[in-house]
Amino acid sequence: MDSSCVATSFRIPEQVLTSSGQRMQLLGFGTAAYPLVTPQVAKQAILQAIKLGHRHFDTAYIYGTEQPLGEAIVEAISLGLIISRDELFITTKLWCSNAYGELVLPQLRRSLQNLKMEYVDLFLIHWPLSLKPGRYEFPVRKVEISPMDFGSVWAAMEDCQRLGLTKSIGVSNFSCKKLADILALAKIPPAVNQVEFNPLWNQKKLREYCKANGVLLIGYSPLGASGTLWGSSRVLENEVLKEIAKAKGKTVAQICLKWAFEEGVGVIVKSFNVERMKQNLEILDWSLSEEERKRIGDLPQSRGCTGESFVSENGTFKTIEEFWDGEVGLHFHSKK
Ligand code: A2P
């Protein structure tokens, strides 16, 4: 890559994690690819994203992209795209098979090795459950799921922060109830809950709960994660969103991202395609009208990412409703 053509052509607005004062771009770059891509493809996509101005990257132990992210950052520094790792906000996550008190710190150390870093900015519990230790695969084997011991896992997450291996800690895919369980036992409260967030699942209740408790909600699947195992095309194919996009001369993806910005919610968007990466950044110098916002706000609400892979008749979580403590949306119909 030619470092002389480095252009942060788009200024991505930032938000502040109140717990730590860290700044992070409102538009994070997601690295969960499905179908899986080679490490080289992931690395090139991340380098391209840095070149376009992205400074907030989201990965996870289970994504297999910690290593390419680390390599892309080393190369970005050597190319002069950034001066140091400190310019970036990096999130990684604890995989469920490491969700045991004594396995948390060893996983974070392995993640840091993969990332070639001394610290991450945010370390999240990926899902509120444990899996048989040693299993690193997705979809998971349902018989290997067990309830997580929140007390010992959260205490280990706190140790990770105390040791300076992560600046902040948080959770992902936690309902209001499960977040309350963590808050009740936390000495260091979670800074973030990263959850699905898009016009068809706007997390109204959880957002209010998070706000009232000083937890920052960050959204994943802002476009509905089309083409992946955990998402669908239902957001990008939504007729109301398509009508709004057509009338504005924008794409549905841009409408979704603009809407999230206007709702004040930071999101993680994934594209490894350079044209779509650019498109996803072109959302700053225009706005949605009040009427358009109302039409989006009135869309029927239901989860797209249901957590179905964690649910089974005789398992720890017997239904999708139980897994999310009832927070599935009025228009949700379990496939059971
Ligand atoms: P690709 O990487 O080929 O661009 P989400 O951010 O909600 O998780 O969605 C990610 C999915 O949406 C990926 O499959 C990604 O594919 C696709 N995608 C990302 N940006 C756009 C866009 N602007 N238009 C259409 N699809 C997009």
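Within any chain, residue numbers begin from 1 and follow the written order of that chain's sequence. Only residues with pLDDT of 70 or above have their local features reported here, since the model is predicted, and side-chain atom pairs are shown and tallied only from 80 upward, although totals for entire chains, interfaces and linings are computed over all residues. The basis for the side-chain values is all heavy atoms of the structure; hydrogens and waters are excluded.

Draft legend 1. Structural detail: the pairing of strand β5 (residues 89–94). For each residue, the accessible area found with a 1.4 Å probe, counting protein chains only, is set against the maximum for its type, and the residue is called buried under 20%, exposed over 50%, and partly exposed in between. Put simply, DSSP H or I for four residues or longer makes a helix, DSSP E for two residues or longer makes a strand, and each gets a number counted from the N terminus. The buried fraction of β5 amounts to 6 of the 6 residues, a majority that puts the element mostly inside the structure. One bridge is not enough; two strands pair if DSSP finds at least two bridges between them. Alignment of strand β4 (residues 56–58) against β5, held across 3 bridges, turns out to be parallel. Bridge pairing links Phe-57 to Ile-90 in β5. Whether a crossover is right-handed depends on one test, that the path from the first strand over the helix to the second runs clockwise when the strands point away from the viewer. Regarding topology, helix α2 (residues 66–78) serves as the crossover connection from β4 to the parallel β5, and that connection is right-handed. Relative to strand β6 (residues 120–125), β5 runs parallel, the two being bridged by 4 bridges. From the neighbouring strand, Leu-94 faces β6, where its bridge partner is Ile-125. With helix α3 (residues 101–115) bridging β5 and its parallel neighbour β6, the resulting β-α-β unit is right-handed.

Draft legend 2. Inspection of the pattern of salt bridges at higher detail. The rule for a salt bridge is simple: a side-chain nitrogen of Lys or Arg has to be within 4 Å of a carboxyl oxygen of Asp or Glu. Counted by the stated rule, this structure contains 21 salt bridges. Glu-158 serves as the salt-bridge partner of Arg-162, at 3.8 Å between the closest nitrogen and oxygen. Of this pair, Arg-162 and Glu-158 both sit in helix α4 (residues 150–162), 4 residues apart, which is roughly one turn of that helix. For Arg-162, a relative accessible area of 49% corresponds to the partly exposed category.

Draft legend 3. Local environment of the side chain of Ser-302. Within the secondary structure, Ser-302 sits in the loop between α10 (290–297) and α11 (320–323). Residues count as neighbours in contact if any of their non-hydrogen atoms are within 4.5 Å of one another. Excluding residues within four positions of it along the chain, Ser-302 makes contact with Leu-200, Trp-201, Arg-234, Val-328, Gly-329, His-331 and Phe-332.

Draft legend 4. The site of the ligand, seen in detail. Taken together, the neighbourhood of the ligand is formed by 16 residues, with Leu-223, Ser-226, Lys-270, Ser-271 and Arg-276 sitting nearest. Polar contacts, as used here, are pairs of N or O atoms within 3.5 Å; protein pairs need one atom able to donate a hydrogen and one able to accept it. Residues neighboring in sequence count only if both atoms are side-chain atoms. Within the backbone of Gly-224, one N or O atom sits 3.2 Å away from an oxygen atom of the ligand. At a separation of 2.9 Å, an oxygen atom of the ligand approaches a polar backbone atom of Ala-225. Considered on its own, the ligand offers 560 Å² of accessible surface; in the complex 83% of this is hidden by protein. No other element matches the 3 residues that helix α9 (residues 274–281) contributes to the shell around the ligand. Each residue gets one of three labels, nonpolar for Ala, Val, Leu, Ile, Met, Phe, Trp, Tyr, Cys and Pro, charged for Asp, Glu, Lys and Arg, and polar for the others, Gly among them. Partitioning the shell around the ligand into residue classes produces 7 nonpolar, 7 polar and 2 charged. In these notes, residues near a molecule or strand are those with any non-hydrogen atom within 4 Å of it. All accessibility values rest on the Shrake-Rupley procedure with a 1.4 Å probe; residue burial counts only the protein chains present in the view.

Draft legend 5. How the structure looks around a nonpolar patch on the surface. In this scheme, patches are assembled from residues that exceed 30% relative accessible area and form no salt bridge. Like charges are connected within 9 Å, while nonpolar side chains (Val, Leu, Ile, Met, Phe, Trp, Tyr) are connected within 5 Å. On the surface, Tyr-34, Phe-138 and Leu-229 cluster together into a nonpolar patch covering about 260 Å² of accessible area. By secondary structure assignment, the location of Leu-229 is in the loop between β11 (216–220) and α7 (239–248).

Draft legend 6. Region of the structure containing the pairing of β11. Of all 5 residues that make up β11, 4 are buried, and the element is covered over most of its length. Where strand β10 (residues 192–196) and β11 come together, 5 bridges link them in parallel fashion. Paired with Val-195 across the two strands is Gly-219, which belongs to β11. Since β10 and β11 lie parallel, the crossover through helix α6 (residues 204–212) that links them has a hand, and here it is right-handed. Note that β11 and strand β12 (residues 266–269) share 2 bridges and pair parallel. Across the sheet, residue Ile-218 finds its bridge partner in β12, namely Gly-266.

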